[in-house]
Amino acid sequence: MASDGETVRRVCETAGCEREARLQCPTCIKLGIHGSFFCSQECFKGSWSTHKLLHKKAKNEKSNEESFKSEKGEMNTDPWPGYRYTGKLRPHYPLTAMRAVPSYIQGPDYADHPLGVSESEQSLKGTSQIKILPPEDIEAMRLVCRLAREVLDVASMMVRPGVTTEEIDRAVHMACLARNCYPSPLNYYNFPKSCCTSVNEVICHGIPDARPVQDGDIVNIDITVYRNGFHGDLNETFFVGEVDEGSKKLVQTTYECLMQAIDAVKPGVRYRELGNIIQKHAHASGFSVVRSYCGHGIHRLFHTAPNVPHYAKNKAVGVMKPGHVFTIEPMICDGAWHDETWPDSWTAVTKDGKRSAQFEHTLLVTDTGCEILTRRLEDNGSPYFASQL
């Protein structure tokens, strides 16, 4: 923390604190962010979880500004000079502006927040209590999950060589609006797009851009929509044209990991057991399981308890009960499970540059097992890649 030598009286920026502030965040000074004054180290530390989002937003804006410095019409595939990419994939900047959502469509609490913060999620951060949904909430989840599935079905029709992930995002956005849904990723902690598109070595949270997908790529499309106060979440990994046999095995094994875990869902099962099932099957096929990202509870909140790790011997808290709603979404890697994040603060990639695949469903625990709320209605629920094997 840097001390401010000015004599002008400033008030601490911690919510609810009205004391005089003389200390300024040193990172904000470096990034050129105005303000950011606090009365003490304690207040600064107490505000850190939300304050650090200012840093993230400023860095992202700086990257976007630098990408626009390229000549008009020229694509910038190296917006972060000096960054060493782990694989062959490159971002294609500049990104287009955030898409607008009409005012008549209800948005989540973070939709208009300058930092994309979900105050409702923050208020429950750290809790391990898992909500049991009443019948009316379960019906709302069935509806929103069916709509999310419809949006992913629309996105699936876009996957072919030469189509950009930006074009896929536009189709997703329009499909959401057509169903009076808000695209949940949009502005969630300032995520700039309406869906995530993760290509090849990208594990998750890939930002749609101007790169065309190429023959032989694999691409995961992650859809979440918000309708009448509830979120529905799912994703699938798709083949782009003809893919190699190794990628086919990776994608098929990842889907099998998801379905074997789903088969175990029923009242009385510990959430930690799902990771044992997933890792056993992945390892048997020579693949690894990502440890940095997990499944999650979902209903009125985008992400909430329980946490659902996909690796073995995890310490997840909780036992399944009828009325629990959560996602399972294993991320399986062709090489090692270790990951890193691009300077955009979102795109998670494999550290060794090898490919990763993912599948996700939102599930409702019933009295005897579970209901797959995001199940595909065609082809007996089979994923799209199955028709290309």
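None of the values given here were measured: they were computed from a predicted structure.

(A) Summary view of the overall build of the protein. Of the regular secondary structure elements, the protein holds eight helices and 20 strands. Its C-alpha atoms give the protein a radius of gyration of 22 Å, near enough to 21 Å, the size a compact globule of 389 residues would have. For the protein, contacts bridging at least 24 residues in sequence account for 69% of all contacts bridging at least 6. Side-chain charges in the protein split into 44 positive and 48 negative, and the spacing between the mean points of these groups amounts to 4 Å.

(B) Quick peek at the layout of surface pockets. Size it by volume and the largest pocket reaches roughly 1400 Å³. As for the largest pocket, its lining consists of 46 residues, and the residues nearest its centre are Glu121, Tyr188, Tyr189, His205 and His303. When contributions to the lining of the largest pocket are tallied by element, the ones reaching two or more residues are helix 3 (48-67), helix 4 (119-123), strand 9 (218-227), strand 12 (295-297) and strand 13 (304-308). In terms of residues, the lining of the largest pocket owes the most to one element, helix 3, which gives five residues. Here the lining of the largest pocket is composed, by residue class, of 20 nonpolar, 16 polar and 10 charged.

(C) Spatial organisation of the sheet that holds strand 15 (residues 331-333). Reading across the sheet, the three strands line up as 11-15-18 and stay open at both edges, with antiparallel pairing between neighbours. The open sheet has two free edges, formed respectively by strand 11 (288-289) and strand 18 (356-358), since each of these has just one partner strand. Bridge analysis of strand 15 against strand 18 gives three bridges, and the strand direction is antiparallel. Bridge pairing in strand 18 links cysteine 333 to serine 356. Sitting on the sheet, helix 7 (residues 245-263) is in contact with strand 15 and strand 18, with an inclination near 35° to strand 18.

(D) Spotlight on empty space enclosed by the protein. Within the structure shown, the criterion is met by one cavity of 30 Å³ or more. A volume near 150 Å³ is recorded for the largest cavity. Looking at side-chain class alone, the lining of the largest cavity contains nine nonpolar, four polar and four charged residues.

(E) Quick look at the nonpolar core. Ranked by size, the top nonpolar core spans 60 residues in total, and within it Met141, Val172, Ile221, Ile223 and Val225 carry the most contacts. Taken together, the elements giving at least two residues each to this core come down to helix 5 (135-156), helix 6 (165-178), strand 7 (196-199), strand 9 and strand 10 (230-239). Here valine 225 is in contact with Val144, Leu147, Ala148, Val151, Cys176, Cys181, Tyr182, Ser184, Phe230, His231 and Gly232, once residues within four sequence places are set aside. Counting residues in each nonpolar core, the second largest holds 33 residues, with Ile262, Tyr271, Phe326 and Ala357 among its members.

(F) How the structure looks around the pairing of strand 7. With burial as the criterion, each face of strand 7 is covered, one bearing Cys196 and Ser198 and the other bearing Thr197 and Val199. In terms of strand pairing, strand 7 meets strand 9 through four bridges, oriented antiparallel. The residue bridging threonine 197 from the neighbouring strand is isoleucine 221, located in strand 9.

(G) Structural detail: the confidence of the model for the protein. Here the protein averages 91 in pLDDT, while 92% of its residues score no lower than 70. Across residues 1-8, confidence stays below pLDDT 50; counting only partners more than four residues off in sequence or on other chains, it has 18 contacts. Predicted confidence for residues 67-72 stays below pLDDT 50, and this span has seven contacts to residues more than four positions away or in other chains.

(H) Summary view of the pattern of salt bridges. Counted by the stated rule, this structure contains 17 salt bridges. Residue glutamate 166 is joined to arginine 99 by a salt bridge in which the shortest nitrogen-to-oxygen separation is 2.2 Å. Taken together, the residues span a long stretch of sequence, with glutamate 166 in helix 6 and arginine 99 in the loop between helix 3 and helix 4 at a distance of 67 residues. Here glutamate 166 matches arginine 99 in class, with each residue buried. For glutamate 378, the salt bridge is made with arginine 376, and the minimal N-O distance between the two is 4.0 Å. For glutamate 378, a relative accessible area of 40% puts it in the partly exposed group. For arginine 376, a relative accessible area of 8% puts it in the buried group. One salt-bridge network, held together by shared partners, links Arg99, Glu166, Asp169 and Lys193.

(I) View of the environment of glutamate 139. On the secondary structure map, glutamate 139 appears in helix 5. Note: C-alpha distance between glutamate 139 and alanine 111 (28 residues apart in sequence) is 24 Å. At 2.3 Å, the side chain of glutamate 139 and the side chain of arginine 142 are in polar contact.

(J) How the structure looks around the packing of aromatic side chains. Across all of its chains, the model carries 16 aromatic pairs by this definition. A centroid spacing of 5.6 Å and a plane angle of 55° characterise the contact between phenylalanine 359 and phenylalanine 385, whose relative ring orientation is tilted. With phenylalanine 359 in the loop between strand 18 and strand 19 (361-365) and phenylalanine 385 in the segment after strand 20 (370-372), the pair connects residues that are 26 residues apart, well separated along the chain. Neither phenylalanine 359 nor phenylalanine 385 differs from the other in exposure class; each is buried. Members of the aromatic cluster, connected to one another through ring pairs, are Trp80, Tyr83, Tyr85, Tyr93 and Trp342. Here the guanidinium or amino end of arginine 291 rests over the ring plane of tyrosine 311, the centre of that ring lying 4.1 Å away. The ring of tryptophan 337 carries the charged tip of arginine 291 above its face, separated from the ring centre by 5.2 Å.

The rules we used
- Residues numbered from 1 in each chain as written.
- Predicted model: local features only at pLDDT ≥ 70, side-chain atom pairs only at ≥ 80, totals over all residues.
- Heavy atoms only, no water.
- Helix = DSSP H or I, 4+ residues; strand = E, 2+ residues; numbered from the N terminus.
- Rg over C-alpha atoms; globule rule 2.2 N^0.38 Å.
- Contact = heavy atoms within 4.5 Å.
- Lys, Arg positive; Asp, Glu negative; His and termini not counted.
- Charge placed at Lys NZ, Arg CZ, Asp CG, Glu CD.
- 1 Å grid on protein atoms, 1.4 Å probe; cavity = no way out; pocket = protein on both sides within 12 Å on 5 of 7 lines; lining within 4 Å.
- Points joined across faces, edges and corners; volume = space filled by probe spheres on them.
- Nonpolar A, V, L, I, M, F, W, Y, C, P; charged D, E, K, R; others polar.
- Pairing = 2+ DSSP bridges.
- Axes fitted to C-alpha atoms, helices over the stretch in contact; angles between N-to-C directions.
- Core = buried A, V, L, I, M, F, W, Y, C linked by side-chain atoms within 4.5 Å.
- Buried < 20%, exposed > 50% of the residue type's maximum accessible area, 1.4 Å probe, protein only.
- pLDDT = per-residue confidence, 0-100.
- Salt bridge = Lys/Arg side-chain N within 4 Å of Asp/Glu carboxyl O.
- Polar contact = N/O pair within 3.5 Å; in protein donor to acceptor, adjacent residues only side chain to side chain.
- Phe/Tyr/Trp six-rings, centres within 6.5 Å; stacked < 30°, edge-to-face > 60°.
- Lys NZ or Arg CZ within 6 Å of the ring centre and 35° of its normal.

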